Amino acid sequence: MAPGPLTPPRRRALTDLRAKSLPRHDPERLTAHLRTVHDVVAQLEARIATAGIIATEPLFWAQVRAAALLHDAGKIAESFQRQLEPGGEPWGERHEVLSLAYVDLLAAASGWTAQERLLIATLVAGHHRPLHAASSLGGGKPALARLYNAATRWDHAFGRPPGPDARPQVPRGLHQELLAWLAGFLGTEPARPAPAAPSLADRARRLLDEVLTAWREPVKAHTGLIAVLAQGALTLADHAGSAHVDLQTHTPLPLDYLARLPHTPHRHQQQAADTTGHLVLIAPTGSGKTEAGLAWGAQQLATMPGLPRLVWTLPYRASLNAARRRFERTLQPAAGDSRPDIGLLHGALARTLLTEALEDDCCGPTKDDARKARARANAMRLFTQRLRVATPHQLLGAAIAGPTHSSVLLEQANSLFVLDELHAYDPETFGRLCAAMRLWEQLGSRIAVLSATLAPPLLAIVDESLHQPVTCHRAAPGTAPIRHHLVIDDLPLTDPDSLKHLESWLGEGHSVLVVTNTVATAQTLLTALADHAQQQHPDDPDAALLLHSRFKNRDRDAIESRLLARHPERRPDEPPRRGGLVVATQTVEVSLQLDFDRGAVDNAPVEAVAQRAGRVNRRGLHPDGPVEFRVHRTDSHRPYDQGAVDAAWSALTTLVAEGVTTLSEQDIDRLLALAYATDWGQRWEDRARQARDAFTSEFLTFTDPFHDRTEHAKTLGERFDTVEVLHRDDTQEYRQLAVGKDADPLLAAGLLIPLGYGQLKTYNATFDRALGIHLIDGQYDPVLGLRPPAEPETIL
């Protein structure tokens, strides 16, 4: 809807034009904003350079810079300037559409080819909204093709509004000033206007029609991917420029990382450091895989263009903070900082911040302007660091593309990806990750896979998914001593006889790790055994601890810190019995450097059993030598695939029947071979390959790069069966921490609880659109974590 007649009290000069409504005392000038965004593109180019597919487009960065300079030129409109003033009425039109007129005016003078002009115009038009709606109903905000069509009154929207006293949206003198400034910045001269030259509104209309027509039908995959990367470069530069955040050039990972280790490197660590290109490293838990991965990363930094970013991925959100703290303790801070800046932001809040960062001022100033500015600044914390820990789900969100997520995709170019514990995924997730690896390689990135237990079929699928050579190194036999005496038990962990065995260990003074497959079982066992553990250590507040994924992030962080302090890796001079109980789920399998005297676990896939064993007598330093490690049969396969659990139990019983009573590296290899040689193993391979190819076809082939893909966000989340939720009791605190005056996204993420999509109904979940997150009910306790809501009492 057009605003009222434009009768400004005085003529505006170029220096009067504003790009934002903030800061209130002196809003940012339009020319300053355009210059800033243009300069941030240079920072992006320095980081990403011409890696991968970008090298096929020599003018890629020149076109992004031109789009950065012109993307907000349409904010010259008088109605836009009026709406930025306190109490200003919304204009109701899109400034980026008017910006197209300036692209058209400067194209010939700048010597752009028709193809270059089209891409620059596309980036300008599409930096806030999709060009076309999705084929199905739903999606995000209305696409430009829906907002501007045959019914649009272009002369009223961008020329002279109706009314006897109305003035043009863009006065001639002001237009000439801006055009000259833009031309000067581009190093050219604006063409002299012809007597019958089209109006700005006509130029915008015709160029928008060209853009919409060009991208209405599917394009070649190469063309679409280049366009999405360019869109990501512009939107990221716009976010960073608006937030006044510079991209970091310092990396916490020193190039001589391996030489700084306080010990002589293992052979496999040196081999990783000597590898250029993709790497697969298979080494036992406790043998320095993390250090080997970092040594590999340091080698790549020295042999890649630009300023590559390192992204360390872990299978569980619950592992991220532990990994981040480890890197903060061991890597190198920037000059003047006390600790290295390691990026981390949990997925749900990240999506919210990115969405809010995309908001602009076309709807006029509101009480939420300051919130949007904070969201924009906080969103940039996703991108500024050169080392980040993440889950694959967060990275694969880039597949949504569009104005919101194309910047995430761009940041995956010229990067290093360390996929830690790749074995921990189900076949569908593993397949999607292999599809992502293929895309990352296309973007000029390199991949390292680290695992203690990578079965041959998994290694084969990784290798066939990548085009460049994959170097595979294994730790030398004997790298880890024999640490475990294996016992398999037909009784479940919750059986009274099993509980008595655990109590006897505790009574003998051993530190005991119990790992279950489900949160409910873990909560039950902690409740059953806590008193017994505390009786042995009445003055120890951490005598009995519970760890699983269904804690608030901040509570889990605190528990992890207590765990690491109470059960660190054993030193050679320690007494044999340290006491204490920890009951946990899969969250204990990754990143936590823990060490226990005895272990009892639920039967699970072979890889999970091996990881659980790696937390017991971790480095083989227990004075008793190999210690007892018990694997108990379970009544249910959940949350794993029935075939995986059955294959693991069959392999374990076969191993024991063969007279094997240890769990050495060779024994684990034998277990893997037995498990994957079953019908289940073949089905696993087939499902992984099918998931890889389907994910590539559905999400990673950008043949419709500027259609609305927001509907894919929900689909993608459901595919990973994971979501972060907020307890209703924490809503007010979360709102303050996420978007309040003193917002801190990491503190806000501390209130979130990971949950499976299938569990939302159990917890009466509802989606809060304002916060962009699911709110749940349930009983929450900082010791036991989240439990389902209590059943309502009835008269019966």
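Residues numbered from 1 in each chain as written. Predicted model: local features only at pLDDT ≥ 70, side-chain atom pairs only at ≥ 80, totals over all residues. Heavy atoms only, no water.

Caption draft 1: Looking closely at the side chain of S445. Relative to the elements of secondary structure, S445 occurs in the loop between α18 (427-442) and β5 (446-451). Overall, the relative accessible area of 3% leaves S445 in the buried class. Engagement of the side chain of S445 in a polar contact is seen with the backbone nitrogen of S415, the distance being 2.8 Å. Setting aside anything within four residues of it in sequence, one finds S445 in contact with H278, Q412, A413, N414, S415, F417 and W440. (Helix = DSSP H or I, 4+ residues; strand = E, 2+ residues; numbered from the N terminus. Buried < 20%, exposed > 50% of the residue type's maximum accessible area, 1.4 Å probe, protein only. Polar contact = N/O pair within 3.5 Å; in protein donor to acceptor, adjacent residues only side chain to side chain. Contact = heavy atoms within 4.5 Å.)

Caption draft 2: Highlighting the pattern of salt bridges. Taken as a whole, this structure holds 44 salt bridges when the rule is applied. Note that D26 and R18 form a salt bridge whose closest N and O atoms lie 3.2 Å from each other. According to the relative accessible area criterion, D26 is partly exposed, its value standing at 31%. Here R633 and D490 are joined by a salt bridge, their closest N and O atoms 3.6 Å apart. Placement of R633 in the loop between β12 (627-632) and α24 (642-657) and of D490 in the loop between β7 (484-489) and α20 (496-507) is noted, with a sequence separation of 143 residues between them. The exposure class assigned to R633 is partly exposed, which follows from its relative accessible area of 41%. Classification of D490 as exposed rests on a relative accessible area of 54%. One salt-bridge network, held together by shared partners, links E464, E685, R689, R692 and D693. (Salt bridge = Lys/Arg side-chain N within 4 Å of Asp/Glu carboxyl O.)

Caption draft 3: Expanded view of helix α19 (residues 456-465). Of all the residues in α19, the buried ones are P457, L458, I461, V462 and S465. For α19, the angular spread of buried residues about the axis comes to 140°, placing them on one side. (Arc of directions from axis to C-beta.)

Caption draft 4: Broad picture of the sheet that holds strand β6 (residues 470-474). Strand order across the open sheet formed by six strands is β3-β2-β4-β5-β1-β6, with parallel pairing between neighbours. Two strands lie at the open edges of the sheet, namely β3 (387-390) and β6, each paired on one side alone. For this sheet, the mean inter-axis angle between neighbouring strands, taken without regard to orientation, is 15°. Inspection of the sheet shows strand β2 (residues 309-313) paired to strand β4 (residues 415-420) by five bridges, in the parallel sense. When the bridges of β4 are listed, V311 appears paired with F417. In the packing of helix α12 (residues 289-301) onto the sheet, contacts are made with β1 (278-282), β2, β4 and β5, and the angle to β4 comes to roughly 165°. Along the sheet face, helix α13 (residues 320-330) touches β2 and β3 and points at about 160° away from the line of β3. (Pairing = 2+ DSSP bridges. Axes fitted to C-alpha atoms, helices over the stretch in contact; angles between N-to-C directions.)

Caption draft 5: Structural view of the sheet that holds strand β9 (residues 544-547). Strand order in the open sheet formed by six strands is β7-β12-β11-β8-β10-β9, with parallel pairing between adjacent strands. Two strands in the sheet have a free side with no partner beyond their single neighbour: β7 and β9. The average angle at which neighbouring strand axes cross in this sheet is 15°, direction not considered. Two elements, β7 and β12, share six bridges in a ladder whose sense is parallel. Considered in β12, the bridge of I488 is made with V631. Lying on the sheet, helix α23 (residues 606-613) is in contact with β7, β8 (512-515), β11 (598-602) and β12; it crosses β12 at an angle near 150°. In the packing of α24 onto the sheet, contacts are made with β7 and β12, and the angle to β7 comes to roughly 120°.

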